Amino acid sequence: MWDRSRRHNFRITLDTGCVNARQMDADLNQLETWNKAGRISLQRSRVLLEELQGQQRIAKAHSFNPQPPLWTLDRSSLGPGEQAVLAARMPEEDVLTRILFPTTRGLTAGHRRDAQHLQWHVHTGGDLFVTRDGDFLRHHQELYYIGFWVFRPAEAVAHVERWLPS
């Protein structure tokens with residue numbers, strides 16, 4: 001039974017391009033089904049809502065959990081019933097932009113937001129980052145070497161299926 005498993009629920013950060021408002025992507029539909037059943041947790045970074053456009057997509061993004069609040073040693077306190085994650089060291093934005101955009105001169109606000117998605121993903125202890133963005137996917141090996149698991153939706157489904165009990 002899932003709730004007796006020692007494996008915690010995967011915390012999956014969705015990139016902007018994976019907000020499946022029209023339910024047209026079968027793999028994202030599967031992730032959403034597992035999310036609704038409590039088997040995984042689909043999460044949105046702070047940056048996602050800043051760049052998302054279209055009322056239907058924004059409403060859909062609000063259906064995902066925000067990434068959890070942070071708890072930092074010697075800085076944070078929790079009140080009764082509050083939960084937070086211990087903040088991991090946030091990777092520097094310039095390190096991520098050099099990996100994602102190695103030949104780009106003059107980064108745009110969109111480039112910086114891409115790096116910020118990953119920063120918040122690791123800072124809040126996310127397990128998998130799911131995207132369709134070619135910049136992330138082209139450089140997934142370099143991102144893996146510094147601690148990011150970047151997957152296409154179908155790859156994320158296959159990965160999670162290996163860990164879900166029947």
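Below: a short report on this structure. The residue numbering used here restarts from 1 in each chain and proceeds along that chain's sequence as written. Only residues with pLDDT of at least 70 get local features here, since the model is predicted, and only at 80 or more are side-chain atom pairs given and counted; chain-wide, interface and lining totals rely on the full set of residues. Side-chain metrics in this entry use all non-hydrogen atoms of the structure; hydrogen atoms and water are not considered.

A short note on the environment of Arg39
Right, on to step 1. In DSSP terms, a helix is any run of H or I states spanning at least four residues, a strand is any run of E spanning at least two, and both are numbered starting from the N terminus. With respect to the helices, strands and loops of the structure, Arg39 is situated in the loop between helix H1 (26-36) and strand E2 (40-44).
Right, on to step 2. The cut-offs for exposure are 20% and 50% of the maximum accessible area for each residue type, with area from a 1.4 Å probe on protein chains only; residues under the lower value are buried, those over the upper are exposed, and the others partly exposed. The class for Arg39 is partly exposed, based on a relative accessible area of 22%.
Right, on to step 3. Taking the C-alpha atoms as reference points, Arg39 and Pro165, 126 residues apart in sequence, are found 9.7 Å from one another.

Things to note about the sheet that holds strand E1 (residues 10-14)
Right, on to step 1. The strand order E3-E2-E1-E6-E7 describes an open sheet built from five strands, whose pairing is parallel. Two strands close off the open sheet at either side, each with one partner strand: strand E3 (65-66) and strand E7 (150-151).
Right, on to step 2. Note: E1 against strand E6 (residues 128-130), three bridges, orientation parallel. The residue of E6 that forms the bridge with Leu14 is Val130. Two strands qualify as a pair provided that DSSP identifies no fewer than 2 bridges between them.

As for the pairing of E2
Right, on to step 1. Of all the five residues making up E2, five are buried; the element is thus mostly covered by neighbouring parts of the structure.
Right, on to step 2. Of the two faces of E2, the one lined by Ile40, Leu42 and Arg44 and the one lined by Ser41 and Gln43 are each fully buried.
Right, on to step 3. By convention a crossover is right-handed if, when the strands point away from the viewer, the path from the first strand over the helix to the second runs clockwise. Between the parallel pair E1 and E2, the chain is carried across by H1, and the sense of this crossover is right-handed.
Right, on to step 4. Where E2 lies against E3, two bridges are found, and the strand directions are parallel. The partner of Arg44 across the bridge, within E3, is Pro66.

Some remarks on the pattern of salt bridges
Right, on to step 1. Whenever a carboxyl oxygen of Asp or Glu lies within 4 Å of a side-chain nitrogen of Lys or Arg, that contact is scored as a salt bridge. In total, this model carries seven salt bridges according to the counting rule given.
Right, on to step 2. Between Arg132 and Asp25 there is a salt bridge, with its nearest N and O atoms 3.5 Å apart. Separated by 107 residues along the polypeptide, Arg132 in the loop between E6 and helix H6 (134-138) and Asp25 in the loop between E1 and H1 bring together distant segments of the chain.
Right, on to step 3. Given a relative accessible area of 15%, Asp25 falls into the buried group.
Right, on to step 4. A salt bridge links Glu155 to Arg152; its shortest N-O distance comes to 3.3 Å.
Right, on to step 5. Classification of Glu155 as partly exposed rests on a relative accessible area of 33%.

Let's talk about the packing of helix H4 (residues 93-100) against helix H5 (residues 109-123)
Right, on to step 1. Their axes nearest at 9 Å, the elements H4 and H5 cross at an angle of 115°. When the axis of H4 is compared with that of H5, the two are roughly perpendicular. Crossing handedness for the pair H4 and H5: right-handed. Seen from H4, the contacting residues are Glu93, Leu96, Thr97 and Leu100; seen from H5, they are His111, Arg112, Asp114, Ala115, Gln116, Leu118 and Gln119.
Right, on to step 2. Each residue is assigned to one class: nonpolar for Ala, Val, Leu, Ile, Met, Phe, Trp, Tyr, Cys and Pro, charged for Asp, Glu, Lys and Arg, and polar for all the others, Gly among them. Tallied by class, the residues present in the contact of H4 with H5 amount to four nonpolar, four polar and three charged. For helices, the fitted axis covers only the stretch in contact; all axes are lines through C-alpha atoms, and the angles between them, taken along N-to-C directions, range from 0 to 180 degrees. Comment on the angle field: the value is read as roughly parallel under 35 degrees, roughly antiparallel over 145, roughly perpendicular from 65 to 115, and oblique elsewhere. By convention, the crossing between two helices is left-handed when the near helix turns anticlockwise from the far helix through less than a right angle, and right-handed when the turn is clockwise. The contact criterion used is simple: two residues touch if any of their non-hydrogen atoms lie within 4.5 Å.

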